[in-house]
Amino acid sequence: MKRSILLAAALLGAVLTAAAQEANKPEGYKFTDTKTVKTVPVTNQYKSGTCWCFSTVSFIEEEILRAGGPEIKLSEMWIVRNIYFEKAVKYVRLHGSLNFAVGGAAHDVTHAIEKYGIVPREVYKGLNYGTEMPEFGEIDEVLKAYVDAVIKNKNGKLTPAWQDGLNAILDAYFGERPETFTYEGKEYTPHTFAESLPVKMSDYIEFSSYTHHPFYSSFIIEVPDNWLWGEVYNVPLNEMMQVIDDAIAEGHPVAWGTDVSEKGFRGAKAIGIIPEEAEKNMVGSDAERWGKLSSAEKEAQIYSLDQPVKEKTITQEMRQTAYDNYETTDDHGMVIVGTAVDQNGSPFYKVQNSWGDRGPYEGFYYFSRPFVEYKTMDIMVNKNVVSKELLKKLGLK
């Protein structure tokens with residue numbers, strides 16, 4: 001009996017201890033959405049470096065919703081296949097002096113839809129190699145080896161057959177492209193289907209914010225994945241952020257090119273922040289206890305994201321330095337679909353990713369305003385959300 005009483009007491013003590021530990025456990029970040037646009041289901045680029053395509057296609061699909069159109073799933077692989085062909089031709093034309101890889105940019109999507117039209121995903125799945133999800137390990141290697149062989153061939157010139165060979169490889173992996181197809185009882189070509197959508201690719205423009213080019217001018221953004229040499233409009237940081245805010249306020253998504261290599265990005269927690277230096281960050285700790293921690297312990301506590309922390313104030317100069325030092329690169333494409341605040345009222349953006357519906361927010365992520373200010377490489381928006389004043393500065397109507 002005595003042993004049973006002791007055992008029960010021990011169990012009760014363990015339960016109470018666990019309860020106390022749970023009660024004292026930091027609550028982490030808690031977000032409240034303040035504005036969200038209509039979104040389509042989260043997609044999954046899986047084992048392919050095609051975030052630029054998946055994110056921008058979702059952006060276009062959400063623009064279709066914003067324009068009063070239906071929810072529709074467009075074919076990402078239709079765009080990837082056509083862009084891979086164009087990129088290969090340019091790579092060979094430049095004797096290999098171009099970044100030939102699967103990466104790209106948002107304007108690749110609008111360019112491809114304008115030039116090649118578009119089809120629903122069910123018409124062109126682009127998975128002609130036996131998997132249900134994109135897996136590009138083999139495709140990427142085969143295409144790179146092929147174009148390099150064309151450049152290095154010992155004939156001293158190119159034959160007229162090399163582009164036919166390229167198309168044969170692309171057709172083998174992605175499938176032959178249909179000239180016509182039937183969708184919901186109506187026959188289309190890729191171009192007539194694109195024309196049937198309530199959006200125009202000419203309505204989409206890109207912005208960035210760097211000081212190595214004049215503000216209110218356009219420039220070719222110098223990143224390896226910009227193989228198309230697409231231009232962006234350069235504006236001061238505060239005006240770029242205003243474009244984002246105006247778009248969300250009017251129910252439009254924002255295609256977002258960014259860098260998620262920062263330590264402040266935690267994929268498992270679906271959060272991105274830019275913390276203040278450890279010595280200046282005492283959130284959740286009294287100064288005496290904080291002061292006893294080593295620099296490594298302070299940093300670990302901040303980047304655990306167990307509770308909200310102070311963040312840096314981002315300046316134009318900080319953005320430029322990070323870009324010039326390769327600290328900000330063209331790393332990932334996503335879609336900004338809303339605004340939110342954490343439990344302290346700090347502003348965040350709600351972002352749609354293309355890594356499937358994983359994580360605590362089922363495929364959506366929250367990035368702080370400082371993160372977006374600091375790590376935005378470029379954005380694409382519908383030009384109708386841009387203020388008349390800014391359009392005038394850019395010489396646009």
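In case you missed it, the structure is sitting above this.
Below is a short write-up of the structure. Throughout this document, residue positions are counted from 1 along each chain, in the order its sequence is written. Under the rules for a predicted model, residues below a pLDDT of 70 receive no local features and side-chain atom pairs below 80 are neither given nor counted, while totals for whole chains, interfaces and linings still include all residues. Where side-chain values are given, they derive from all heavy atoms of the structure, hydrogens and water being excluded.

### Focus: the overall build of the protein chain
To keep it simple, the criterion reads: Secondary structure is summarised from DSSP: a helix means a run of H or I of at least four residues, a strand means a run of E of at least two, and numbering begins at the N terminus for each. Accessibility here uses a 1.4 Å probe with only protein chains present; expressed as a share of the type maximum, an area under 20% marks a residue as buried, one over 50% as exposed, and anything in between as partly exposed. The criterion used for residue contact is that any of the two residues' heavy atoms lie within 4.5 Å. In these tables, accessible area is a Shrake-Rupley quantity obtained with a 1.4 Å probe, and a residue counts as shielded only by the protein chains included in the view.
Along the protein chain, the regular secondary structure elements total 13 helices and 13 strands. For the protein chain, with 397 residues in total, the buried portion stands at 49%. Taking as baseline every contact in the protein chain between residues at least 6 positions apart, the subset at least 24 positions apart corresponds to 75%. Put simply, the protein chain shows about 19300 Å² of open surface, and 52% of that area lies on carbon and sulfur atoms.

### Comments concerning the pairing of strand β6 (residues 231–234)
Stated formally: Strand pairing is assigned whenever DSSP detects at least two bridges linking the two strands.
Alignment of strand β4 (residues 204–208) against β6, held across two bridges, turns out to be parallel. Following the sheet pairing, Ser208 is matched in β6 by Asn234.

### What about unusual backbone geometry?
Although it is not a glycine, Leu305 adopts a positive phi angle of roughly 55°. Among the structural elements, Leu305 can be located in the loop between α10 (295–303) and α11 (316–324). In the Ramachandran plot, Tyr326 falls in the positive-phi region, its phi being about 65° despite a non-glycine side chain. Mapped onto the secondary structure, Tyr326 falls in the loop between α11 and β10 (332–341). Judged by its relative accessible area of 70%, Tyr326 falls in the exposed class.

### Examining the nonpolar core
Across soluble globular proteins, nonpolar side chains show a tendency to be buried alongside one another. Selection criterion: Residues belong to one nonpolar core when they are buried, are Ala, Val, Leu, Ile, Met, Phe, Trp, Tyr or Cys, and are joined through side-chain atoms within 4.5 Å.
Counting residues in hydrophobic clusters, the biggest one holds 93 residues, and the most contacted among them are Ile79, Phe207, Phe367 and Val381. Residue contributions to this core peak at 11 residues, all from helix α3 (residues 76–93). Residues in contact with Phe367, not counting those within four places in the same chain, are Trp256, Val260, Phe265, Gly272, Met334, Phe348, Tyr349, Val351 and Val372. Of all hydrophobic cores here, the second largest spans 11 residues; its members include Ile271, Tyr303, Val309 and Phe348.

### Brief notes about α11
For clarity, the threshold we go by: The arc under discussion is defined with respect to the helix axis, by the directions toward the C-beta atoms.
Here α11 has its buried residues at Gln316, Arg319, Gln320, Ala322 and Tyr323. Along the long axis of α11, the arc covered by the buried residues comes to 165°, so they all point the same way. Contacts made by the buried residues of α11 are with β4, α8 (237–249), α12 (369–375) and β13 (376–382). Of the residues trailing α11, Tyr326 is marked for its positive phi of about 65°.

### As for the state of the cysteines
Heads up, the condition is: For the purposes of this analysis, a disulfide is any pair of cysteine sulfur atoms at a distance within 2.5 Å.
Here the structure, examined in full by the defined rule, presents zero disulfides. The cysteine Cys51 is free of any disulfide, with Cys53 supplying the nearest cysteine sulfur at 9.7 Å. Overall, the relative accessible area of 11% leaves Cys51 in the buried class.

### Section: the packing of aromatic side chains
Worth spelling out the cut-off: Note on ring pairs: Phe, Tyr and Trp rings are taken, using the six-membered ring of Trp, and paired if centres are within 6.5 Å. Classes follow the plane angle, with under 30 degrees stacked, over 60 edge-to-face and the rest tilted.
Following the criterion strictly, the structure yields 26 aromatic pairs and no others. Plain terms: the ring middles of Phe265 and Trp355 are 6.4 Å apart, the flat faces sit at 65° to each other, and that makes the pair edge-to-face. Placement of the pair is Phe265 in strand β8 (residues 265–266) and Trp355 in the loop between β11 (347–352) and β12 (364–368), with a sequence separation of 90 residues. Its relative accessible area of 22% is what places Trp355 among the partly exposed residues.

### Details of the packing of helix α2 (residues 51–66) against α3
Here is the rule we go by: Between N-to-C directions, angles cover 0 to 180 degrees, with each direction set by a line fitted to C-alpha atoms, over the stretch in contact for helices. Working rule for angles: under 35 degrees goes down as roughly parallel, over 145 as roughly antiparallel, 65 to 115 as roughly perpendicular, anything else as oblique. When the near helix sits turned anticlockwise from the far one by under a right angle, the crossing is termed left-handed; a clockwise turn instead gives a right-handed crossing. Here the nonpolar group is Ala, Val, Leu, Ile, Met, Phe, Trp, Tyr, Cys and Pro; Asp, Glu, Lys and Arg are the charged ones; every other residue, Gly included, is treated as polar.
Their axes nearest at 9 Å, the elements α2 and α3 cross at an angle of 135°. Overall, the two elements α2 and α3 adopt an arrangement that is oblique. Handedness of the α2/α3 crossing: right-handed. Where α2 abuts α3, its residues Trp52, Cys53, Phe54 and Val57 lie against Glu76, Met77, Ile79, Val80 and Ile83. For the contact of α2 with α3, the per-class residue count stands at eight nonpolar, no polar and one charged.

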